[in-house]
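Structural overview
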Amino acid sequence: MEEVDVEPTITFIPGINSKEKHIGFVWGPGDILVYETSHKAAGKQPVGPSCPDVQVVRKDEDIYSPILRKLFNESHHIFVGLQNIRDDLPSKNKKPQFVSISKNYRSVIRACMEELQQIAVSTRDPALAAQYGNQVSILLAVELIWNLCEVLFIDAAPAGSLLLHLLDWVRLHKAEVDEKAQDVLRCESPTRHQFFWDVVISFVLQGRMEEARSMLAKQAVLQPAAQTTFKRMDSLLQKMPIYNPSSTQTLTEFEVKWRQWHEECDASLQDNSFASNPHLETICKILLGDDDTLLEHKELLSTWYHYVVTRLLYTHPTVKPIDLHYYAQMCMDRFLDSQSPPEPLDSILLAAFEFDIHQVIKDCSIALNNWWFVAHLTDLLHHCKLLQSHNLHFGSNLREFLLLEYASGLFTHHSLWQLAVDYFDHCQGFGRVYLELLIERVPLDTERKALKVLRICEKRQMNEQVRSICKIMAKRALRNNRLGSALSWTIRAKDAAFATLISERFLQDYCSRGTFSDLDLIDNLGPAMLLSDRLTFLGKYREFHRLYGEKRFTEAAKLLLSLMTAKIAPHSFWMTLLIDALPLLEQKEVIFSVDQTHELMFCLEELTSGKAPPNPDRPMQEEDLETTKIELLRLALARNLAMAIVKEGTVEA
């Protein structure tokens, strides 16, 4: 069988379009089984190979990546913690917790991304490096989208604070300028480096005024004649107002102060203060939010969403959330090539700027290669009360549908299936139904794994699954002649018929070997021995041997007799019980009373009266042995009866 993780190689099958050959497939919980079939027409023999290729096409190969498994494991803990937040808390108190949980999710994404990057760099296999690089790109996009959703939906920053969060978002995901700045500063003459001005302008585009001023100061030292020009630019950068949500300044006061600064920048440009230095003049135009100048630096902006944030920073720093979609659409149209359609990532980010949560989830479900992102983000948004609770056509809401899909995929993995259990637990509609169906597909490779599955089912009172697991393990143990384990599983399954079968095997084993196996289990059956009559007999018969071993002969004799008279012992086992009575009958002290001896005699006669005539095919030695046993028993019973009559007559006298 050939396993294909992502895109299976296309194998040409001759005549595949003819009437003789077809492709068949079977859906699984996380994959598709694809196979070639032969169509036998009337009067024709099937053509094609007798043993065609079978391929397993997985829809989610990420669960088989060792590094991404860390993402699944860590996010599972965060998910469970989120479900434990009390619903009765006020929304104001829960918001910081939701933001913290969102950041925890992002930190897990980033940690996996960094580990993948390190491996991609160190590996020598080009194909493997390309695969890791692709996973890094996906995680970068995932973290970018999640961060924006956190800013716009979960944190829901108001006007003023909103732009500060968007700036942090851009800076976090556009860190190339920092690497370039380090290269510039490491050289002997940073100001002569070819990327010096690119770094300065990039800092300005991201609103990082202190870094830009620090770089410009190095240039100013080398140009004494232009000290005035550099000082004026430094003054403009220093004076740029930045909104502080924790200060007493109102938003209106900030807008007044910002307009004054903006007018000062415009005046500096109009009086040609920077005409002698084109780079400083460009920076001044950027401070004014000049659209043409910003678009001239597409390479430094690199993305349209960076362009959005920069344009807002220098034209409308107090933008309201409700107006974001207008600026986002306009900037995307201007920045991207109108001839080519936007990439999926662009559409997702635009939907987020439009506050269309359902469109974000829908586009991510289509674009991304697994359900991890949409399932966890939707769950978080659901707890934030940001999703409309509309039902889908098949009865489940959007959150539950995505969690069920994600957890179903986890169930195809040999160890991650345990994480899926908690996801199903928190799907009130169909979670239990999915769990009942899928847990039966978990291969019970070892007894330890079976116990793990069993505890999960018992905890959730899934009685049918408990019985099924126990029966499977009991039959497996019985096939391997592990009678103690088989009986233990059968008792847990409460299967009376199978308990009778295993008890018979115990008795057969005793008859052939003369001793019991698994004494600890049989000695501690307790109330479980009442599961079946044969199991009751097994437990009581073992108790007889224990009493006999402890020399409690009177109690042992009474118990042995009751096993036959109460019809607990199988009729086929009576001879064994009577033989077990022989040592008690031969004791110097009378153990069996007259009545008890009579009952033993009746049992022996009942056993022998229905015996078939001697079988000529049966060896003579066996016939002689059987006859000898009966004669010994009759002799011992007669002797014991005489002794009992004498003893009881003496007592009465």
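Calculation notes
Residues numbered from 1 in each chain as written. Predicted model: local features only at pLDDT ≥ 70, side-chain atom pairs only at ≥ 80, totals over all residues. Heavy atoms only, no water. Helix = DSSP H or I, 4+ residues; strand = E, 2+ residues; numbered from the N terminus. Buried < 20%, exposed > 50% of the residue type's maximum accessible area, 1.4 Å probe, protein only. Contact = heavy atoms within 4.5 Å. Areas by Shrake-Rupley, 256 points an atom, 1.4 Å probe, with all protein chains shown as cover. Axes fitted to C-alpha atoms, helices over the stretch in contact; angles between N-to-C directions. Parallel < 35°, antiparallel > 145°, perpendicular 65-115°, else oblique. Left-handed = near helix turned anticlockwise from the far one by under 90°. Nonpolar A, V, L, I, M, F, W, Y, C, P; charged D, E, K, R; others polar. Polar contact = N/O pair within 3.5 Å; in protein donor to acceptor, adjacent residues only side chain to side chain. Salt bridge = Lys/Arg side-chain N within 4 Å of Asp/Glu carboxyl O. Expected span 1.5 Å × (residues − 1). Phe/Tyr/Trp six-rings, centres within 6.5 Å; stacked < 30°, edge-to-face > 60°. Lys NZ or Arg CZ within 6 Å of the ring centre and 35° of its normal. pLDDT = per-residue confidence, 0-100. Patch = residues over 30% accessible without salt bridge, like charges linked within 9 Å, V, L, I, M, F, W, Y side chains within 5 Å.

The next thing to look at is the overall build of the protein chain. Helices and strands together make up the secondary structure of the protein chain, namely 30 helices and four strands. Looking at the protein chain as a whole, 45% of its 653 residues qualify as buried. Restricting the contact set of the protein chain to residue pairs at least 6 apart, pairs at least 24 apart contribute 63%. Of the roughly 34500 Å² of accessible surface on the protein chain, 53% is carried by carbon and sulfur atoms.

Our focus in this paragraph is the packing of helix α18 (residues 398-410) against helix α20 (residues 431-439). Where α18 meets α20, the closest approach of the two axes is 11 Å, and the angle between their N-to-C directions is 15°. Taken as axis vectors, α18 and α20 run roughly parallel relative to one another. Both α18 and α20 take part in a crossing whose hand is right-handed. Contacts between α18 and α20 involve Glu400, Leu404 and Ser408 from the first element and Gly431, Tyr434 and Leu438 from the second. In terms of residue class, the contact of α18 with α20 is made up of three nonpolar, two polar and one charged.

Another point: helix α10 (residues 278-287). If you check which residues of α10 are buried, you get Leu280, Thr282, Ile283, Cys284, Ile286 and Leu287. On its buried face, α10 is in contact with α6 (196-205), α7 (209-222), α8 (227-239), α9 (251-270), α11 (291-296) and α13 (304-315). For α10, the capping residue at the N-terminal end is Asn277, with a side-chain oxygen 3.0 Å from the backbone nitrogen of His279. In the stretch just after α10, Gly289 is the one whose phi turns positive, near 75°.

Following the criterion strictly, the structure yields 31 salt bridges and no others. For Asp379, the salt bridge identified is with Arg399, shortest N-O distance 2.8 Å. Here Asp379 is found in helix α17 (residues 372-383), whereas its partner Arg399 is found in helix α18, with 20 residues between them in sequence. Like Asp379, the residue Arg399 is buried in the burial classification. As a salt-bridge pair, Glu605 and Arg634 come within 3.5 Å of each other at their nearest N and O atoms. Here Arg634 lies in helix α30 (residues 620-652) and Glu605 lies in helix α29 (residues 594-609), a separation of 29 residues in the sequence.

In this model, Ala156 sits at a positive phi of 50°, which is unusual for a non-glycine residue. For Ala156, the location among the structural elements is in the loop between α3 (126-154) and α4 (161-173). Even without glycine at this site, Lys551 takes up a positive phi of about 60°. As for its placement among the helices and strands, Lys551 is situated in the loop between α26 (533-549) and α27 (553-565).

Bringing the environment of Val309 into the picture now. Residue position: Val309 is located in helix α13. Judged by its relative accessible area of 1%, Val309 falls in the buried class. For the pair Val309 and Val170, spaced 139 residues apart in sequence, the C-alpha to C-alpha distance is 7.7 Å. In contact with Val309, other than residues within four places in its own chain, are Leu163, Leu166, Leu167, Trp169 and Val170.

Let us look at the side chain of Glu400. Tracing the sequence through the fold places Glu400 in helix α18. Within the local environment of Glu400, its side chain forms a polar contact with the backbone nitrogen of Gly429, the two atoms lying 2.9 Å apart. The contact partners of Glu400, leaving out residues within four places of it in the chain, are Cys427, Gln428, Gly429, Phe430 and Gly431.

As a packed pair, α26 and helix α28 (residues 574-585) sit with axes 12 Å apart at the nearest point and diverge in direction by 15°. The angle between the axes of α26 and α28 places the two elements in the roughly parallel class. Helix-helix and strand crossings are classified by hand; for α26 and α28 the assignment is left-handed. Taken together, the residues of α28 that come into contact with α26 (itself represented by Phe537, Tyr541, Phe544, His545 and Tyr548) are Thr576, Leu577, Asp580, Pro583 and Leu584. In terms of residue class, the contact of α26 with α28 is built from seven nonpolar, two polar and one charged.

What follows concerns α9. Taking 1.5 Å of rise per residue, the 20 residues of α9 would be expected to cover 28 Å, and the 28 Å separating its terminal C-alpha atoms lies within 8% of that figure. Considering only its buried residues, α9 is in contact with α8, α10 and α13. Following α9 by one or two positions, Asn272 adopts a phi angle in the positive range, close to 60°.

On to the packing of aromatic side chains. Two aromatic rings, taken as a pair, are described by how far apart their centres are and by the angle between their planes. Tallied over the entire structure, the rule returns 28 aromatic pairs. Ring centres of Trp146 and Phe373 lie 5.7 Å apart, and the angle between their planes is 70°; this geometry places the pair in the edge-to-face category. Of the two residues, Trp146 is situated in helix α3 and Phe373 in helix α17; the sequence distance between them amounts to 227 residues. Consider the rings of Phe411 and Phe424, whose centres lie 5.8 Å apart with planes at 35°: the pair is tilted. Within this pair, whereas Phe411 is found in the loop between α18 and α19 (417-425), its partner Phe424 is found in helix α19, the two being separated by 13 residues in sequence. Both residues of the pair, Phe411 and Phe424, count as buried. Within the aromatic cluster, the residues linked to one another by ring pairs are Tyr510, Phe537, Tyr541, Phe544, Tyr548, Phe553 and Phe573. Between Lys180 and the ring centre of Phe195, over which it is positioned, the NZ or CZ distance is 5.1 Å. When the ring centre of Phe335 is taken as origin, the NZ or CZ atom of Lys298, which lies over that ring, is 5.2 Å away.

All right, on to the confidence of the model for the protein chain then. Residues of the protein chain with pLDDT of at least 70 account for 86%, and the chain-wide mean is 84. Within the protein chain, α13 carries the highest mean pLDDT (95), whereas strand β1 (residues 2-4) carries the lowest (35). A low-confidence stretch, residues 1-19 (pLDDT under 50), is modelled with 30 contacts involving residues beyond four sequence positions or located in other chains.

With that out of the way, let us pick up a nonpolar patch on the surface. Nonpolar side chains collect at one region of the surface, where Phe430, Val433 and Leu437 lie side by side and expose about 260 Å² of accessible area between them. With respect to the element layout, Phe430 can be found in the loop between α19 and α20.

We now examine the environment of Leu600. With respect to the helices and strands, Leu600 occurs in helix α29. A residue is classified by how much of its surface remains accessible, and Leu600, at 1% relative accessible area, is buried. For the pair Leu600 and Leu560, spaced 40 residues apart in the sequence, the C-alpha separation amounts to 9.9 Å. Other than its neighbours up to four places away in sequence, Leu600 contacts Leu561, Met564, Leu578, Leu585, Phe592 and Leu637.

What follows concerns the environment of Lys70. Structurally, Lys70 is set in helix α1 (residues 66-83). For the pair Lys70 and Ala111, spaced 41 residues apart in the sequence, the C-alpha separation amounts to 9.4 Å. Every residue in contact with Lys70, bar those within four places of it in the chain, is listed here: Cys112 and Glu115.

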